[in-house]
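Given next are the chains, with one letter for each unit.
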Amino acid sequence: MQKKEVVDAVTMKRALTRITYEIIERNKGIQDIVLVGIKTRGIYIAQRIAERLKQLEQIDVPVGELDITLYRDDMDGQSMKKRSLEEPELHSSDIPVSLEGKEVILIDDVLFTGRTIRAAMDAVMDLGRPRKISLAVLVDRGHRELPIRADYVGKNIPTSMAEEIIVEVEEKDGADRILIASTEQ
């Protein structure tokens, strides 16, 4: 598998800063916002956006962690050829505030088919009824299977189906960067 870096740490930080500014501009205040990161890398991205919001607006925005494992519709491995047939590994969700009447911004690293986001919306609705759900992603790579689009996008990186986007974050992977991996020879 060949890997090529397409976004370095500086460019990734700029993309997250742009998302942060867009959140501030579109929401005309951030008092009723809850950032909800989708496990795993979405959580780190959500925490970074919350830190930047605090720097810019001097407001602590709650950050939750969402595990969507049980909400996925592709756990049988049929719809995604790389999905393992093993039992799913369960993690817990941790949402520090009520979502009732709040604006929830779901945060994930890569938007691909839309299935992860559909599962995340189902999980959020089971936790409460927010006023609004928005979506922020670091990378939109296209190839939707569901009618889902991101409200906030750090980078649009068109890919073929033979490519994979790999987001690495310092907290989990030791570096900030985005790679494209190609399975074609």
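Residue positions are counted from 1 within each chain, in the order its sequence is given. Selection of residues for local features in this predicted model requires a pLDDT of at least 70, selection of side-chain atom pairs for listing and counting requires 80 or more, and totals for whole chains, interfaces and linings are taken over all residues. Here the side-chain values reflect all heavy atoms present in the structure, with hydrogen atoms and water set aside.

**Some words on unusual backbone geometry**
- The step from K39 to T40 runs through a cis peptide bond, and the omega angle for that step is 10 degrees.
- Helix numbering and strand numbering both begin at the N terminus, where a helix is a DSSP run of H or I of at least 4 residues and a strand a DSSP run of E of at least 2. Positionally, T40 belongs in the loop between β2 (33-38) and α2 (41-57).

**Things to note about the UniProt feature "short sequence motif: PRPP-binding" (unreviewed entry) in the chain**
- UniProt positions are given in the numbering used here, feature names are shortened, and annotations may be inferred rather than shown by experiment. Here, the residues flagged by UniProt with the feature "short sequence motif: PRPP-binding" (unreviewed entry) are residues 104-116.
- Note that residues 104-116 is 15% helix and 62% strand, and that its end C-alpha atoms are spaced 16 Å apart.

**Topic: the sheet that holds strand β5 (residues 132-140)**
- Spatial strand order, β3-β2-β4-β5-β6: 5 strands in an open sheet with parallel pairing. Of all strands in the sheet, those bounded by a partner on one side alone are β3 (63-66) and β6 (152-156). Shown here is a sheet whose adjacent strand axes are inclined to one another by a mean of 25 degrees, direction ignored.
- A pair of strands is considered paired only if DSSP assigns at least 2 bridges between the two. Here β2 runs beside strand β4 (residues 103-111); their pairing, made up of 5 bridges, is parallel. Across the sheet, L35 pairs through a bridge with I105, a residue of β4.
- Here helix α3 (residues 115-127) sits on the sheet and contacts β2, β3, β4 and β5; the angle it forms with β4, its principal contact strand, is near 155 degrees. Only C-alpha atoms enter the line fits that serve as axes; for helices the fit covers just the stretch in contact. Angles between N-to-C directions range over 0 to 180 degrees. Note on contacts: a residue pair is in contact if any heavy atoms of the two residues lie within 4.5 Å.

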